[in-house]
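Results of the structural survey
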Protein chains: 2
Amino acid sequence: MQTEIVLYTYFRSSCSWRVRIALALKGIEYESRPVNLIKDGGEQHAAEYKTLNPQEQVPTLVWDGIVLTQSMAIMVYIDDMKPDPPLLPIDPVKKAQALALAELINSGIQPLQNLHVLQKVGEDKKMEWAQFWINKGLTAFEKMLKDTAGKYCVGDSITLADICLVPQVYNAHRFNVDLGQFPLIQKIAAALENHEAFKAADALVQPDCPEDLRKK
Amino acid sequence: MQTEIVLYTYFRSSCSWRVRIALALKGIEYESRPVNLIKDGGEQHAAEYKTLNPQEQVPTLVWDGIVLTQSMAIMVYIDDMKPDPPLLPIDPVKKAQALALAELINSGIQPLQNLHVLQKVGEDKKMEWAQFWINKGLTAFEKMLKDTAGKYCVGDSITLADICLVPQVYNAHRFNVDLGQFPLIQKIAAALENHEAFKAADALVQPDCPEDLRKK
């Protein structure tokens, strides 16, 4: 029987983007169901979606009826169900390094510059706020890369660290953070952007990306 | 040869607390090196510590010379090095549920109410800010527990979800969040507080806990 996989996603959501990359890396086909985080105050707050995801966030992945939330947990599940290619190194030290880098973004940067937090910070302050946390986080990320990086964040294989990095770099651009300070991040991001799975998962080629933002 | 394990910790840091619980659950002995996050603007910003942890945060775990950061990554490393008792279920669905609950706190609540963020929010607004995010997060956590909880967050074994929950409940009390709204959280937290490993890891029995806060 064919596995039925549905991803509730928003084109610009970093966390949805991560899951799209993981699915593309594994060659897993899925149905994409856009949840518009802006329209009518946000479709993630609709009664039906809240039943699926009490956090009222994207992504949610439904894998043969099993409802999964939180991008990091979803990616570990995908890795467990289809181990090849692995999303984490087998060596425990390299695995811990990849997870630390992924978490630096997942818990150290992204939560502080997501849509709901910026709404709460307020229109007049949100740019300075987002820039501060992105700068702080990526400065630490760049330093850590000096000990771990090869072609990608940890050696020469793609890991969860790379998957978290690409949407974060997009957000850094969006909030006018100067990436010239971070040569290793820039080099790795450039390598990743040429990878087919990352191209397929890009925010700006998703079905729900508005026409004026769409990559030509 | 004896493994040499050093934990850089602060008694009240949620993320240090998590690692202390994980070490205690595994019965791993370690040397505790307090990093005072308040004194002289914060010892985590000292030059020597920054070299160890470019994120200028606690915890850092040094395991036989290997430097590990980010509590989630550190706990996975501990679990890899000493698998018994496991910190995550073997069943992939239960594992994803435990990770989703842990991440709901790790990326959804804690980053928004940590020391540095509250300093940035400002003295006059920080209480309302912290309450808002803790309430929002724990409301979703309670709903998710309805599908997963047994004696603990996911069934009857302790997982990373429980380890993340206990310090978050402490913070909820600290910021005057009414936990009466969350009967499952309260029941599980009460069960965990009686567990020897959780008692040993408690903020208020650590060597660096000030005398006036210390548990008698």
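Residues numbered from 1 in each chain as written. Chains lettered and ligands numbered in written order. Predicted model: local features only at pLDDT ≥ 70, side-chain atom pairs only at ≥ 80, totals over all residues. Heavy atoms only, no water.

Quick word on the overall build of chain A
Here is the rule: Secondary structure counts use DSSP, requiring at least four H or I residues in a row for a helix and at least two E residues in a row for a strand, with both numbered from the N terminus. Note that the radius of gyration is over C-alpha atoms, with the globule rule given as 2.2 Å times the number of residues to the power 0.38. Per-residue accessibility, obtained with a 1.4 Å probe over protein chains only, is compared with the maximum for each type, and a residue is labelled buried under 20%, exposed over 50%, and partly exposed between these values. We call two residues in contact when some of their heavy atoms are within 4.5 Å. Reported accessibility uses the Shrake-Rupley method at a 1.4 Å probe radius. Residues are deemed covered only where the shown protein chains occlude them. In this tally Asp and Glu are treated as negative and Lys and Arg as positive; neither His nor the chain ends contributes. Taken as the charge centre is NZ of Lys, CZ of Arg, CG of Asp or CD of Glu, depending on the residue.
Counting its regular elements, chain A contains nine helices and four strands. Going from the N terminus to the C terminus, chain A shows its helices and strands as β-α-β-α-β-β-α-α-α-α-α-α-α. The globule rule puts the C-alpha radius of gyration for 216 residues at 17 Å, and the 17 Å found for chain A is close to it. Along the longest, intermediate and shortest principal axes, the C-alpha atoms of chain A span 50 × 45 × 35 Å. Out of the 216 residues in chain A, the part that is buried amounts to 56%. Relative to all contacts within chain A whose residues are 6 or more apart in sequence, the contacts with residues 24 or more apart total 65%. When the accessible area of chain A is evaluated, it comes to approximately 9300 Å², of which 52% is carbon and sulfur surface. Charged side chains of chain A number 23 positive and 27 negative; the gap between the two group centres comes to 4 Å.

With respect to the pairing of strand 1 (residues 5-9) of chain A
Regular strands place their side chains on alternate faces of the sheet. Residue and element names in this part refer to chain A. Spelled out, the test is: Pairing between two strands is assigned when DSSP locates at least 2 bridges connecting them. When the strands point away from the viewer, a crossover counts as right-handed if the route from the first strand across the helix to the second turns clockwise.
Of all the five residues making up strand 1, five are buried; the element is thus mostly covered by neighbouring parts of the structure. In strand 1, alternate side chains face the same way, and those of I5, L7 and T9 on one face and V6 and Y8 on the other are all buried. Relative to strand 3 (residues 60-63), strand 1 is paired through four bridges, and the arrangement is antiparallel. Looking across to strand 3, one finds that L7 is bridged to L61. Both strand 1 and strand 2 (residues 31-34) contribute to a ladder of four bridges, which runs parallel. The partner of Y8 across the bridge, within strand 2, is R33. The β-α-β motif built from strand 1, the intervening helix 1 (residues 14-26) and the parallel element strand 2 has right-handed crossover chirality.

Some details on the domain arrangement of chain A
Residues and elements named next belong to chain A. The condition is simple: Residue ranges assigned to each domain were obtained from an automatic or database domain assignment. Note: buried area is the sum, over both parts, of the accessible area (probe 1.4 Å) each one loses when the two are combined. Between N or O atoms, a polar contact is any pair within 3.5 Å; within protein, one atom must be a potential hydrogen donor and the other a potential acceptor, and residues adjacent in sequence are included only when both atoms are from side chains.
Entries for chain A in the domain assignment read domain 1 (5-85) and domain 2 (92-198). The gap between the C-alpha centroids of domain 1 and domain 2 is 20 Å. Every contact between the two is made by 14 residues of domain 1 and, on the other side, 19 residues of domain 2. Taking both partners together, domain 1 and domain 2 bury about 1600 Å²; carbon and sulfur atoms supply 72% of that area. The three residues of domain 1 that bury the most area against domain 2 are W17, R18 and M72, which together make up 37% of that side's buried surface. The interface formed by domain 1 and domain 2 contains two residue pairs in polar contact (both at pLDDT 80 or more).

Considerations on unusual backbone geometry
Residue and element names in this part refer to chain B. Note the cis peptide between V58 and P59, where omega equals 0°. With respect to the helices and strands, the residue P59 is situated in the loop between helix 2 (47-52) and strand 3 (60-63). Here the amide bond leading from D84 into P85 is cis, since omega sits at -10°, within 30 degrees of zero. Along the chain, P85 falls in the loop between helix 3 (71-81) and helix 4 (92-106).

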